[in-house]
Amino acid sequence: MSDTPSFDRPSPAVSVLHAMAGGVIVVDAAGTIVFVNDTAARLAGWGPKDWPDRAIQSLLPGVDMTPDGRAREVRLARRSGGDLWLELIVTQVADMDMVMGAALVVTLRDMTGDVRGRERTRRLANIVRRTDRGVMILDGMDRITYVNPAFTRILGYDRHEVANRDISMILSGREVDMAALHEFRDNLRGRRGFDCDLHAVSRSGKEIWLCTSVTPVSEDEAGDMGAGETIVIMSDETPAMELRTLRHDVMAALTGALEFTDVMELICQRIEAIAPDVAASIILAHDDGTAWMAGRASLPKAMADAVDGLPLGPMTGSCGATIHSGLEILTTDIDADPRWTPALRALVRPSGLMACWAVPIRLRDGTVAGSLELYFRAKREPALWHRRVVDACLQLCSLAVEQERARVRIAQLAHYDAVTGLPNRVWLREHLQTRAVRPGWCGLTLMSVDIDRFRTIGDALGQAAADEIVIGMAQRLKSVLGPGDLLTRAGQDEFIIVTGCGLTPGNRDCCIEGEGYLAVDRASVLAGALLRVTSTPFVIRDMPITSTASIGICAGRDKGHTVDLVLRHVQLAVSQARDAGGNCYRFFSAEMNRQAQDRVILSSALGDALAAGRLTLAYQPQVEPRTGRLHGVEALARWHDPVRGDISPARFIPLAEESGLIDTLGEWALRTACHQMAAWMDAGVDIPTVSVNLSAQHFRDPGLPDVIAGILAESVVPAHRLTVEITESMMIEDQERTMAAARAIRALGVGLSMDDFGTGFSNLANLASLPLSEVKIDRSFLIGLKRTGDVHSVLAAVVRIGRSLGLTVVAEGVETKRQLELLDDLDCPVVQGFLMSRPLPAELVSSWLQDWQQSHRAPAVNDSSAVPLRAMP
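The rules behind these values
Residues numbered from 1 in each chain as written. Predicted model: local features only at pLDDT ≥ 70, side-chain atom pairs only at ≥ 80, totals over all residues. Heavy atoms only, no water. Helix = DSSP H or I, 4+ residues; strand = E, 2+ residues; numbered from the N terminus. Buried < 20%, exposed > 50% of the residue type's maximum accessible area, 1.4 Å probe, protein only. Contact = heavy atoms within 4.5 Å. Areas by Shrake-Rupley, 256 points an atom, 1.4 Å probe, with all protein chains shown as cover. Expected span 1.5 Å × (residues − 1). Pairing = 2+ DSSP bridges. Disulfide = S-S within 2.5 Å. Axes fitted to C-alpha atoms, helices over the stretch in contact; angles between N-to-C directions. pLDDT = per-residue confidence, 0-100. Polar contact = N/O pair within 3.5 Å; in protein donor to acceptor, adjacent residues only side chain to side chain. Phe/Tyr/Trp six-rings, centres within 6.5 Å; stacked < 30°, edge-to-face > 60°. Lys NZ or Arg CZ within 6 Å of the ring centre and 35° of its normal.

**What about the overall build of the protein?**
- When its secondary structure is counted, the protein shows 29 helices and 32 strands.
- By residue count, 46% of the 873 residues in the protein fall in the buried class.
- Residue pairs in contact within the protein that sit at least 24 positions apart in sequence constitute 58% of those at least 6 positions apart.
- Summed over all atoms, the accessible surface of the protein reaches about 42,700 Å², with 52% contributed by carbon and sulfur.

Take a look at the structure:
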């Protein structure tokens, strides 16, 4: 076609069009492409030979080709695939040497990057508008230039109210939060990214917590933003902070002094504060399966009173069903739920409650302790926020319940005996302190019941058997007491009974200081009944165990007597009963109190006497009745107090044991006796042996053999010249340790004598198993020797068995010639008593021995011509 321009034909205009940076397409009046420059061809992806005679609409379908010079954005489908966004301008050209007649010139510019950038910006803007995070953009002066809809939802300000305002208008917060705001402003001025939490105030005045993330925009990143702008992204942390504050406050209450019910009330109050559309309650289960409302906030007290004591079960409302099943129960319509009985509906209807959601409160062991309920004033289900609140509070409820149970358990352990379940001494003291301020205090009678030989039974049979006896004893005591009497376990082997005299204070017969005869009579009757029920043997492991009781009674109380004083009085009374041999009762008297005070004073004086060396030893001779020879001497402690005069060993030896002075006293006696024996040996006084009494406490000390060995070495006394005496009951009570110490003492060569034989628990057969060198017959046998044939037989058996075992038998308490004759008939080897000599001071022993030998013509030890004592005048 002659009018169609040749693309290969050079011309100045074509050269100019080819050289243009943008794409150029020339179209004739028919809409056919007559020219395409290199840029346009490259943009479209078509080669130069592909353009002749193509209609412009085939390349750009649907594009308006009106030559108005207006820029249009069009999408071009590239030949190789993919789209290209172009800016297109159509103009009309009237004269062009390459075109015959009118023509259109279409200029093209690639704006794909711009379109994609705008699209990205649009998408980002859409995200910013739709996000639940508040977004602010600040200019270089920290003024707000943009806020998104979430900002308005969080703080209540729309974009017109905050435009070009300083950021401090919405971050002012409370005065206590100003430091955080100042730090925020300082970081903002530093144009560095940071995160912080701020306490802000919304447009409505509500305090809210904001978690903010601040990012400055650099010049390279700015894009459409100006350099120096800052993006602030904020999230509303108020719900999380409210839950955190709730947990903190409740934990503080749990570790503080608040009562358990106050903590439960606090939880309900805080739930209603952060979820104002609900009413909250906490219902717990008693051990008997009934309910009690431990916490409530806005619910009326009448509702709580009606719930307390309500039997829990599947048909007692949502809470009862929850506690019964252990599952959460949702009732969206209380009126339509069969689990809500008419009576239960009547409880909630006045408060306008229409729906209830109950969730079980589980403890760590999986048990259901109760339920947490949210009541709604509309027929609805709980929202996600309600579930978050309940999840947080369930853990707090469980912790509070477990802490309360632990407190109750601790109180139980502190105030009640674990074996019998009876109130203990702590509880008794508090109970008596309460009664002490009442007018009827003087009408109380206290009775202390102590189990005799309890420690011995426990050592022999074990703790389990001892517990059985304690439980059985408690049951027996309860069977005698009346409905108004109180039984407590005040110690390991002690029960205390609190009973009343039955009289009105002021009555002339009312018991004051134990002098009301009616009270004494009633207490005596009760004590007698108690002794009868306690005297029956217990059967432990198919073995009968007899365990009697000692009872002390303090009837009444005078004005000015404290609880401690009354408890001390009853202890003094029971001590008197125990000292009387047990299985009896004694009333407290003022004389007992004086005796107790004297014991304390005397104990102190004994310690002073030991320290000052005011105690001495007296020595009582032991002789052989057949020969008159001296067998040895027994060392007996004597105490002469400058104020009180001579004090009997029967008084100060028990005091030494009670006050802890017995070890010192025993070591002093051993040392003094051994040094005296050394002095006699040096002076040529022939004393074969010296015997020293030791207590059970000495034999419980594993170091006793070493102490004896040291004293012997110190005094240079041969071991065979010392004999240690121990009572029969000592060797039986703590047999294992006592036997170990006895064997070690005998290994030293020291003699070992069993004192008071026949008064304890052993029998003649036991003598063979004990490491003894001597047996001493108690003086009580000599009293009945003349009257009772059985006693004569026992003594004969002791002497006979003692001889067969190689033991020396010593009879104590010989005071008459008739007793001596009877013992001589039994062939008793050694006697001791006033008939021969009273205990002598050490300085008189030598002269007594000379007089004894001269008056009785007793020969030397190796002389076989000795004369029997019974033949002497």
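**Observations concerning helix 21 (residues 662-683)**
- Spanning 22 residues, helix 21 covers 31 Å between terminal C-alpha atoms, matching the ideal 32 Å at 1.5 Å per step.
- Within helix 21, burial applies to Ile662, Leu665, Gly666, Trp668, Ala669, Leu670, Ala673, Cys674, Gln676, Met677, Ala678 and Trp680.

**Thoughts on the pairing of strand 12 (residues 291-296)**
- Two strands pair when backbone bridges link them, and strand 11 (residues 278-285) and strand 12 are joined in this way by five bridges, in the antiparallel orientation. The residue bridging Ala285 from the neighbouring strand is Ala291, located in strand 12.
- Connecting the antiparallel pair strand 11 and strand 12 is a turn made up of five residues, with Gly289 showing a positive phi of about 85 degrees.

**Some words on the state of the cysteines**
- The tally for this structure, following the rule as stated, stands at zero disulfides.
- Looking at the unpaired Cys196, the closest cysteine sulfur is the one in Cys211, lying at 8.0 Å.

**Quick look at helix 18 (residues 563-579)**
- Relative to the 24 Å expected for 17 residues at 1.5 Å per residue, helix 18 spans 24 Å between its end C-alpha atoms, a close match to the ideal helical length.
- The complete set of buried residues in helix 18 reads Val563, Val566, Leu567, His569, Val570, Leu572, Ala573, Val574 and Ala577.

**Let's talk about the sheet that holds strand 3 (residues 71-77)**
- Here we have five strands laid out as an open sheet, ordered 2-1-5-4-3, and antiparallel in their pairing. For this open sheet the edge positions go to strand 2 (33-36) and strand 3, each flanked by a neighbour on one side alone. On average, each strand axis in the sheet is inclined to that of its neighbour by 30 degrees, with strand direction left out of account.
- In the sheet, strand 1 (residues 23-28) pairs with strand 5 (residues 103-110) via six bridges, with the strands oriented antiparallel. Each bridged residue has a counterpart across the sheet, and for Val26 the counterpart in strand 5 is Val105.
- Sheet strands touched by helix 4 (residues 112-130): strand 3, strand 4 (83-93) and strand 5. Its angle to strand 4, the strand with the most contacts, is close to 125 degrees.

**A closer look at the confidence of the model for the protein**
- Taken as a whole, the protein shows an average pLDDT of 81; of its residues, 84% reach a score of 70 or greater.
- Across residues 1-7, confidence stays below pLDDT 50; counting only partners more than four residues off in sequence or on other chains, it has nine contacts.
- Residue range residues 501-518 is modelled with pLDDT below 50. Its contacts to residues more than four positions away, or to other chains, number 39 contacts.

**Structural notes on the side chain of Glu494**
- With respect to the secondary-structure elements, Glu494 resides in strand 18 (residues 494-500).
- Relative accessible area serves as the criterion here: at 8%, Glu494 is assigned to the buried category.
- Side chain to side chain, Glu494 and Gln571 meet in a polar contact 2.2 Å long.
- Not counting chain neighbours up to four residues away, the residues in contact with Glu494 comprise Arg425, Ser448, Val449, Asp450, Thr488, Arg489 and Gln571.

**Side note on the packing of aromatic side chains**
- Tallied over the entire structure, the rule returns six aromatic pairs.
- Between Trp340 and Tyr375, the aromatic rings sit 6.4 Å apart at their centres with planes inclined by 80 degrees, giving edge-to-face as the arrangement. Here Trp340, found in the loop between strand 13 (329-331) and helix 12 (342-348), pairs with Tyr375, found in strand 15 (residues 368-376); they are 35 residues apart in sequence, far enough to count as distant. Take Trp340 and Tyr375: they sit in the same class, and that class is buried.
- Ring geometry for Tyr619 against Trp680: centres 5.1 Å apart, planes inclined by 70 degrees, an arrangement best described as edge-to-face. One end of the pair, Tyr619, is in strand 23 (residues 615-623); the other, Trp680, is in helix 21, and 61 residues separate them in sequence.
- When its relative accessible area of 1% is taken as the criterion, Tyr619 is described as buried.
- Sitting above the plane of the Phe538 ring, Arg476 keeps its charged end 3.8 Å from the centroid.
- If you follow Arg838 out to its NZ or CZ, it ends over the ring of Phe834, 4.0 Å from the centre.

**Concerning the side chain of Asn148**
- Relative to the elements of secondary structure, Asn148 occurs in the loop between strand 7 (144-147) and helix 5 (149-155).
- Asn148 sits in the buried class, given a relative accessible area of 1%.
- Discounting residues that sit within four places of it in the chain, Asn148 has contacts with Val128, Arg129, Thr131, Arg133, Gly134 and Val135.

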